[in-house]
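Architecture at a glance
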Amino acid sequence: MSATTIIDTAPLGALIRYTDGSPKPPARFTKKLAAWERSNGVGRLVKKEPPRPYPTWTAPASFTLHEGNFSSEGVILVTIMRSHSADSALVFEVAEEPKPGQVRVLLDFSGNTELLHLAESVTAAELWIAKEGYRNARLEIVGDEEGERAGGADLAA
């Protein structure tokens, strides 16, 4: 599917696989392999952004994937995020959607919503918020987006 389809239909927290369709080169070709890995991978959908108008041009809609963290002794040193615009030539697919009952920890800013964490339960989400210190985060139970938020209560940290 196209990047536009991901922006329109994929829920926050979904695992998105992307590819350019080329075969993976052998490991001995380290530069070719590194280039291939930039166009072929998987990440969790954490943000969708609408087109943004500027005085001289309009940036296309885009989405951001969280591809992983590099850590040392339990401390995250680098977070790998990759953004793709709606006009990307890559092919995308939803590899896995969040399961009903999981809890999204969301942060709203500048009219956009960003997924901070996907937890297995409300308790796990509240513990994560307490540990990480996000004061303006809100919780959203997967499956309750259309109905009442977070099981009938507007949960916020």
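Look up a bit, the structure's there.
Here is what the cut-offs are and how they apply
- Here the residue numbers are simple positions, counted from 1 along each chain's written sequence.
- Where totals are concerned, whole chains, interfaces and linings use all residues; where local detail is concerned, this predicted model gives features only for residues with pLDDT of at least 70, and gives and counts side-chain atom pairs only at 80 or more.
- Side-chain descriptors were evaluated using all non-hydrogen atoms of the structure, hydrogens and water having been removed beforehand.
- Definitions used throughout: a 1 Å grid over protein atoms alone; a cavity as a set of points that fits a 1.4 Å probe which cannot get out; a pocket as an open set with protein on both sides within 12 Å along at least five of seven lines; a lining residue as one with an atom within 4 Å of a point.
- Grid points are joined across faces, edges and corners, and a volume is the space filled by probe spheres set on the points.
- For helices the rule is a DSSP run of H or I covering at least 4 residues; for strands it is a run of E covering at least 2, with both sets numbered from the N terminus onward.
- Nonpolar residues are Ala, Val, Leu, Ile, Met, Phe, Trp, Tyr, Cys and Pro. Charged residues are Asp, Glu, Lys and Arg, and all others, Gly as well, are polar.
- Per the annotation, domain bounds derive from an automatic or database assignment of domains.
- What counts as a ring pair is set by centres within 6.5 Å for rings of Phe, Tyr and Trp (its six-membered ring), and what kind of pair is set by the plane angle: stacked under 30 degrees, edge-to-face over 60, tilted for all other angles.
- Throughout this description, buried means an accessible area under 20% of the type-specific maximum (1.4 Å probe, protein chains only), exposed means over 50%, and partly exposed covers the range between.
- Note on criteria: charge over ring means Lys NZ or Arg CZ within 6 Å of the ring centre, with the direction from the centre no more than 35 degrees off the ring normal.
- N or O atoms within 3.5 Å of each other form a polar contact, as long as, within protein, one can give a hydrogen and the other can take it, and as long as residues adjacent in sequence are counted only when both atoms are side-chain atoms.
- In plain words, nonpolar cores are sets of buried Ala, Val, Leu, Ile, Met, Phe, Trp, Tyr and Cys residues tied together by side-chain atoms within 4.5 Å.
- Contacts between residues were defined by any pair of non-hydrogen atoms, one from each residue, lying within 4.5 Å.

1. Focus: the layout of surface pockets
What the largest pocket holds in volume is close to 450 Å³. Lining the largest pocket are 17 residues, and of these H66, N69, I76, L116 and W128 sit closest to its centre. Counting only elements with at least two residues in the lining of the largest pocket, the list comes to β2 (41–49), β5 (62–72), β6 (75–85), β9 (112–119) and α3 (122–132). Of the residues forming the lining of the largest pocket, the biggest block, five residues, is contributed by β9. Taken together, the residues of the lining of the largest pocket break down into eight nonpolar, five polar and four charged. Inspection of the lining of the largest pocket shows a minimum of three residues originating in each of domain 1 (1–97) and domain 2 (99–145).

2. Quick look at the environment of A35
Mapping A35 onto the fold places it in helix α2 (residues 30–39). Distance in space between the C-alpha atoms of A35 and P25 is 9.7 Å, their sequence separation being 10 residues.

3. Quick look at the packing of aromatic side chains
Following the criterion strictly, the structure yields four aromatic pairs and no others. Relative to W57, the ring of Y54 has its centre 5.5 Å away and its plane inclined at 25°; by these criteria the two rings are stacked. Taking the centre distance of 5.6 Å and the plane angle of 10° together, the rings of W128 and Y134 count as stacked. Judged by relative accessible area, W128 falls into the buried class, the value being 16%. Ring-pair connections join several aromatic residues into one group, and the members of that group are Y18, F63 and F92. Note that K32 overlies the ring of F29, its terminal NZ or CZ placed 5.1 Å from the centroid.

4. Overview of the side chain of Q102
Locating Q102 in the fold gives a position in the loop between β7 (91–96) and β8 (103–109). Overall, the relative accessible area of 8% leaves Q102 in the buried class. At 2.9 Å, the side chain of Q102 and the backbone nitrogen of K99 are in polar contact.

5. Concerning the nonpolar core
Counting residues in hydrophobic clusters, the biggest one holds 17 residues, and the most contacted among them are I6, I16, L45, F63, L65 and F92. For this core, the secondary-structure elements that each account for two or more residues are α1 (3–9), β1 (15–19), β2 and β5. Examining the composition of this core, we find that three residues originate from one element, α1, more than from any other. Ignoring anything within four residues of it in the chain, the contact list for I16 reads I6, A10, G41, V42, G43, L45, L65, F92, E93 and V94. With nine residues, the next largest nonpolar core counts V105, W128, I129 and A137 among its residues.

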